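An overview of the molecular structure
The primary structure of each chain is shown beneath.
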Amino acid sequence: MFNVRSEIVIQRHRHKSRTKSSKIKSLLLPNNNYLREFSSITSLHGIMYLGEPKRPLLERVFWIGVMSLVMSLCGLQIYQLYSNWLSSRTILTLDNNKYGIWDLPFPAITFCSDIQLQHIDNRTIGNDTFNKETEDVINLLCNKFELYKNVTLKIIDSKYWEHVIKNHKTDCKNLIPMLFWIQDEIYSPCDYIQPIITSYGLCYSINMIPHHQLLHNNYLQSTSFLNLTQADIIAKKNQTIWTPETGYSPNATPFDVPWRVTGDTVDNAVRLIFDLTNKNLGDHCPKRDSGLTLIVHSPVDVPVGIQPTAYVTGSSMLSVALSLNIIRTSHKIKTWAPKLRNCYFQHEKKLKFFKIYTLHNCEIECRANNTFNICGCNAYFQPRDPGVPVCGTDSLECIRESSTIGYSIFKKTLNMSINIKGCNCLPSCTSVQYDFETVEFFRNWTTNSTKPKLVLTEESALVMIYFKRKYVIDIQKTPLMPFNELLGNIGGLFGLFLGCSIISFFEILYFFVIRLYFDRRNRRKAKSKIMPSFILES
């Protein structure tokens, strides 16, 4: 009995000394063949040669080098693939032709007369402040290139600005006596035309979304002094009939603005007759001969800062051929963040002055906010809150600074604090673009008038606008590589370089976490049963 106990003590002493020397080894390699067992059954390439017993050290070093090189190349390829996926996530593709010109509106047409004010010799004479501010309004509208230096103000009270425009503007009826929309002859076109202030002064827009549907009340109130369209059906329609994102409402009627055309023939053209005579205008400005600046644009864009389409003069005919493009965003990337897909849906970006988001409207609002923050006023053509003063001629330089980040070729530095990028303006996820080609030629209207109700003179001009093709170029923004393709490509690289799959990762997890845990637990249980059983057997 004494010998048995002394043997137990000796065995315990040997077990403790052996445990200290192989603690780490037993942790990772129970039964001394843990890695060897894993290498014999795993699908990973090269691992089996590392775990094969009785192989020379040189072979093991060789396979360690090979595995390290292959894993490095695999990691590099995966990094490049992921970087490309992050930097070039979308691509523009031509989609199947789902749209015809009937599905989209005709563009808005805005025209601005050179003669902005008339009968200014009969203007009201008031107090000193009134006279100076009205003179500076005239200065702004009529003398853009040669300002009268005797009257220059930093700000103009909005009520004086409104007074001058309201009482001395060039009326729409004096500019456009007739409009032909396809085959409909409209002899009172100004009933359907909306006035709008742009950088060219007071302009008039045809087929633009009605102001009360496009503009928020704060912007709408600052233009309320203008006589808006008199057509009750347009003025009282509260529901927006068309937006680029949703298209036309199912209950839209042919008269609802924006109007459409049905084809690309001459019979589907929109024709505008302009009268450019300077009679009965009194003392008007500018003094130079009258002409019109024509702007063709999207019905949901306010024509502020848009490049003009053409310049119209008397005794001329202008032909404008349009082509229509629509850019849409695939539903596959609708769940992406706006910065990743580089566009906004209507519900994702709200504007202060506009009810309908477009990139152009966002940039207009951004410049208006910059101008107000820097100059304390807004340019006469910018949206503004009621009561905000209009910038006078002495603030023109400040307006330019706030709108163009103060860029000048003679400056050494840029004022990057005035940056339109800070407004986070992105394109709309669905937008309609109108491209155009213009041809202008001389016509002697006094010998070519055929309409009995229409008297054309030497100062008359005809503008004909039409689509040159029936189909619409449908461009769709789609993911360059969807996430499932990215995952497949990464899996392909793992398979090519390492011969592994998703199951291989679960094998590693199983062997080095789950199986290791249960093996160690089973060994501890077995050890706890060794001593008692050994004593009983003795």
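It should be emphasised that the depicted structure is a prediction, and the values quoted were computed from it without experimental measurement.

Looking at the element boundaries, threonine 110 is found in strand 2 (residues 108-113). For threonine 110, a relative accessible area of 0% puts it in the buried group. Of note is the side chain of threonine 110, whose polar atom sits 2.6 Å from the side chain of serine 205. Here histidine 297 takes part through its side chain, which lies 2.7 Å from a polar atom of the side chain of threonine 110. In this structure, threonine 110 is in contact with Ile196, Cys203, Tyr204, Ser205, Thr293, Leu294, Ile295, His297 and Pro303, ignoring residues within four places of it in sequence.

Applying the stated criterion across every chain yields a total of four cavities of 30 Å³ or more. Of the volumes computed, that of the largest cavity is approximately 80 Å³. Together, Trp161, Ile197, Tyr219, Ser222, Thr223, Phe225, Tyr380, Phe381, Gln382, Pro383 and Arg384 line the largest cavity. Among the residues forming the lining of the largest cavity, the class breakdown is seven nonpolar, three polar and one charged.

The subject of this paragraph is the pattern of salt bridges. One pass over the full model with this rule turns up seven salt bridges. The residue glutamate 348 makes a salt bridge to arginine 341 at a minimum N-O spacing of 2.7 Å. For glutamate 437, the salt bridge is made with lysine 468, and the minimal N-O distance between the two is 2.8 Å. Taken together, the residues span a long stretch of sequence, with glutamate 437 in strand 15 (residues 431-442) and lysine 468 in the loop between strand 16 (460-467) and strand 17 (473-479) at a distance of 31 residues. By relative accessible area, lysine 468 is classed as partly exposed at 35%.

Here we have five strands laid out as an open sheet, ordered 6-7-2-11-12, and antiparallel in their pairing. With partners counted over all chains shown, the strands left at the sheet margins are strand 6 (193-198) and strand 12 (310-312), one partner each. Taken over all neighbouring pairs, the strand axes of this sheet differ in orientation by 30 degrees on average, direction set aside. In the sheet, strand 6 pairs with strand 7 (residues 201-206) via six bridges, with the strands oriented antiparallel. By the bridge assignment for strand 7, isoleucine 196 is matched with cysteine 203.

Of all six residues making up strand 11 (residues 292-297), six are buried, and the element is well covered by its neighbours. A two-sided burial pattern is seen for strand 11, the buried positions comprising Leu292, Leu294 and Val296 on one face and Thr293, Ile295 and His297 on the other. As defined by bridge partners, strand 11 adjoins strand 12 across three bridges and the pair is classed as antiparallel. Across the sheet, the residue bridging to leucine 292 is valine 312, located in strand 12.

A word on the state of the cysteines. In total, this model carries seven disulfides according to the counting rule given. The disulfide that involves cysteine 362 links it to cysteine 425, with 2.0 Å between the sulfurs. The sign of the S-S torsion, about -80 degrees, decides the handedness of the disulfide formed by cysteine 362 and cysteine 425: left-handed. With cysteine 362 in helix 12 (residues 359-375) and cysteine 425 in the loop between helix 13 (396-403) and strand 15, this pair connects stretches of sequence that are 63 residues apart. You'll find cysteine 362 and cysteine 425 in the same group, each marked buried. Shown here is the disulfide that connects cysteine 377 with cysteine 391, its sulfur atoms set 2.0 Å apart. Torsion about the S-S bond of the cysteine 377 and cysteine 391 cystine: about 105 degrees, corresponding to right-handed handedness. Taken together, the positions of cysteine 377 in the loop between helix 12 and strand 14 (390-391) and cysteine 391 in strand 14 put the pair 14 residues apart, joining distant regions of the chain. We note that cysteine 377, like cysteine 391, is buried. Cysteine 500 provides the cysteine sulfur closest to cysteine 74, a residue in no disulfide bond, and the two sulfurs are 7.0 Å apart.

Over its 31 residues, helix 5 (residues 57-87) runs 45 Å from end to end, which matches the ideal 45 Å to within 8%, given 1.5 Å per residue. For helix 5, the complete set of buried residues consists of Met67, Cys74, Ile78, Leu81 and Trp85. Where the residues of helix 5 are buried, they touch helix 4 (47-51) and helix 14 (483-498).

Glancing now at unusual backbone geometry. A negative phi angle characterises most non-glycine residues, just as the trans form characterises most peptide bonds. Residues valine 257 and proline 258 are joined by a peptide bond in cis, for which omega reads 10 degrees. One can find proline 258 in the loop between strand 9 (247-248) and strand 10 (270-275). Positive phi outside glycine occurs at asparagine 342, with the angle close to 60 degrees. Following the sequence through the fold, asparagine 342 ends up in the loop between helix 11 (338-341) and helix 12.

A cluster of basic residues, Arg520, Arg521, Arg524, Lys525 and Lys527, forms a positive patch at the surface. Judged by relative accessible area, arginine 521 falls into the partly exposed class, the value being 30%.

The subject of this paragraph is the nonpolar core. Within the largest apolar cluster, 91 residues are counted, with the highest numbers of intra-cluster contacts made by Phe111 and Leu272. Setting aside chain neighbours within four positions, we find leucine 272 in contact with Ile109, Ile176, Met178, Leu179, Ile206, Ala461, Leu462, Val463 and Ile465. Ranked by size, the runner-up nonpolar core spans nine residues in total, among them Met178, Ala269, Met317 and Met464.

In this section: the layout of surface pockets. Empty space within the largest pocket amounts to approximately 1,400 Å³. As for the largest pocket, its lining consists of 47 residues, and the residues nearest its centre are Val304, Gly305, Ile306, Gln307 and His360. Broken down by secondary-structure element, the contributors of at least two residues to the lining of the largest pocket are strand 11, strand 13 (316-329), helix 12, helix 13 and strand 15. Among the residues forming the lining of the largest pocket, the class breakdown is 25 nonpolar, 15 polar and seven charged.

All right, on to helix 13 then. Taken together, the buried positions of helix 13 are occupied by Leu396, Ile399 and Ser402. Buried residues of helix 13 fall within an arc of 125 degrees about the axis and therefore sit on the same side.

This part is about the packing of aromatic side chains. Aromatic ring pairs: the centre-centre distance and the angle between the two ring planes describe each pair. Inspection of every chain in the model, using the stated rule, returns 18 aromatic pairs. The interplanar angle of 75 degrees and the centroid separation of 5.5 Å between the aromatic rings of phenylalanine 62 and tryptophan 63 together place this pair among those described as edge-to-face. Residues tyrosine 344 and tyrosine 357 carry aromatic rings whose centres are separated by 5.5 Å and whose planes lie at 85 degrees to one another, so their mutual orientation is edge-to-face. With a gap of 13 residues between them, tyrosine 344 in the loop between helix 11 and helix 12 and tyrosine 357 in the loop between helix 11 and helix 12 connect regions that are remote in the sequence. For the pair formed by tyrosine 344 and tyrosine 357, the shared burial category is buried.

Definitions and cut-offs
- Residues numbered from 1 in each chain as written.
- Predicted model: local features only at pLDDT ≥ 70, side-chain atom pairs only at ≥ 80, totals over all residues.
- Heavy atoms only, no water.
- Helix = DSSP H or I, 4+ residues; strand = E, 2+ residues; numbered from the N terminus.
- Buried < 20%, exposed > 50% of the residue type's maximum accessible area, 1.4 Å probe, protein only.
- Polar contact = N/O pair within 3.5 Å; in protein donor to acceptor, adjacent residues only side chain to side chain.
- Contact = heavy atoms within 4.5 Å.
- 1 Å grid on protein atoms, 1.4 Å probe; cavity = no way out; pocket = protein on both sides within 12 Å on 5 of 7 lines; lining within 4 Å.
- Points joined across faces, edges and corners; volume = space filled by probe spheres on them.
- Nonpolar A, V, L, I, M, F, W, Y, C, P; charged D, E, K, R; others polar.
- Salt bridge = Lys/Arg side-chain N within 4 Å of Asp/Glu carboxyl O.
- Pairing = 2+ DSSP bridges.
- Axes fitted to C-alpha atoms, helices over the stretch in contact; angles between N-to-C directions.
- Disulfide = S-S within 2.5 Å.
- Expected span 1.5 Å × (residues − 1).
- Patch = residues over 30% accessible without salt bridge, like charges linked within 9 Å, V, L, I, M, F, W, Y side chains within 5 Å.
- Areas by Shrake-Rupley, 256 points an atom, 1.4 Å probe, with all protein chains shown as cover.
- Lys, Arg positive; Asp, Glu negative; His and termini not counted.
- Charge placed at Lys NZ, Arg CZ, Asp CG, Glu CD.
- Core = buried A, V, L, I, M, F, W, Y, C linked by side-chain atoms within 4.5 Å.
- Arc of directions from axis to C-beta.
- Phe/Tyr/Trp six-rings, centres within 6.5 Å; stacked < 30°, edge-to-face > 60°.

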